[in-house]
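Structure assessment
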Amino acid sequence: MDQEKVALDLVRSALALDETELRDLRAQHGLGADAVDELARFYELKTYGGAEPDTIQLTPAEFRRAVASDDFFLVVVSGLEAGTAPVTVRIILEPLKHLPYRLSGNVLVSGIRDAQSLVYPFESVE
């Protein structure tokens, strides 16, 4: 299951929009949003298999988009793994105006697959 695709479909359902009305932008890296609607409102999706967290992290691009746009929605979709929690879609308009936040930098670490490391392969966990 592609958790992000399922989450986007749930958001479309919650907002009564179809794929043409709420377009997937996830392939466009650095944009600061996962989707955009016909009115140029941006949606950043945060997806969780289990219970909804109380704290989430925005990337620098997401933060810049949230600051620059009055039509920015933070969407938290949780409970996507069967039996973990109720599935919920929470949509927060202008989150930086309504939620406390503190700035911290993200660090991107690259070359994971080629690094000297211990790897423990598992069969499917489902």
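What comes next concerns the included structure. (Residues numbered from 1 in each chain as written. Predicted model: local features only at pLDDT ≥ 70, side-chain atom pairs only at ≥ 80, totals over all residues. Heavy atoms only, no water.)

On to helix α2 (residues 60–68), then. Buried residues of α2: A61, E62 and A66, and no others. Seen from one end, α2 has its buried residues packed into an arc of 135 degrees, which puts them on one side. The outward face of α2, more than 90 degrees from its buried face, is lined by the exposed residues R64, V67 and A68. The elements touched by buried residues of α2 are β3 (42–47), β4 (72–78) and α3 (95–98). (Buried < 20%, exposed > 50% of the residue type's maximum accessible area, 1.4 Å probe, protein only. Helix = DSSP H or I, 4+ residues; strand = E, 2+ residues; numbered from the N terminus. Arc of directions from axis to C-beta. Contact = heavy atoms within 4.5 Å.)

Let us look at unusual backbone geometry. Located in the positive-phi region is A40, a residue other than glycine, with phi close to 65 degrees. Looking at the element boundaries, A40 is found in the loop between β2 (35–37) and β3. Of note, the phi angle at E94 is positive, near 45 degrees, even though the residue is not glycine. Following the sequence through the fold, E94 ends up in the loop between β5 (88–93) and α3. Here E94 falls in the buried class, since its relative accessible area comes to 18%.

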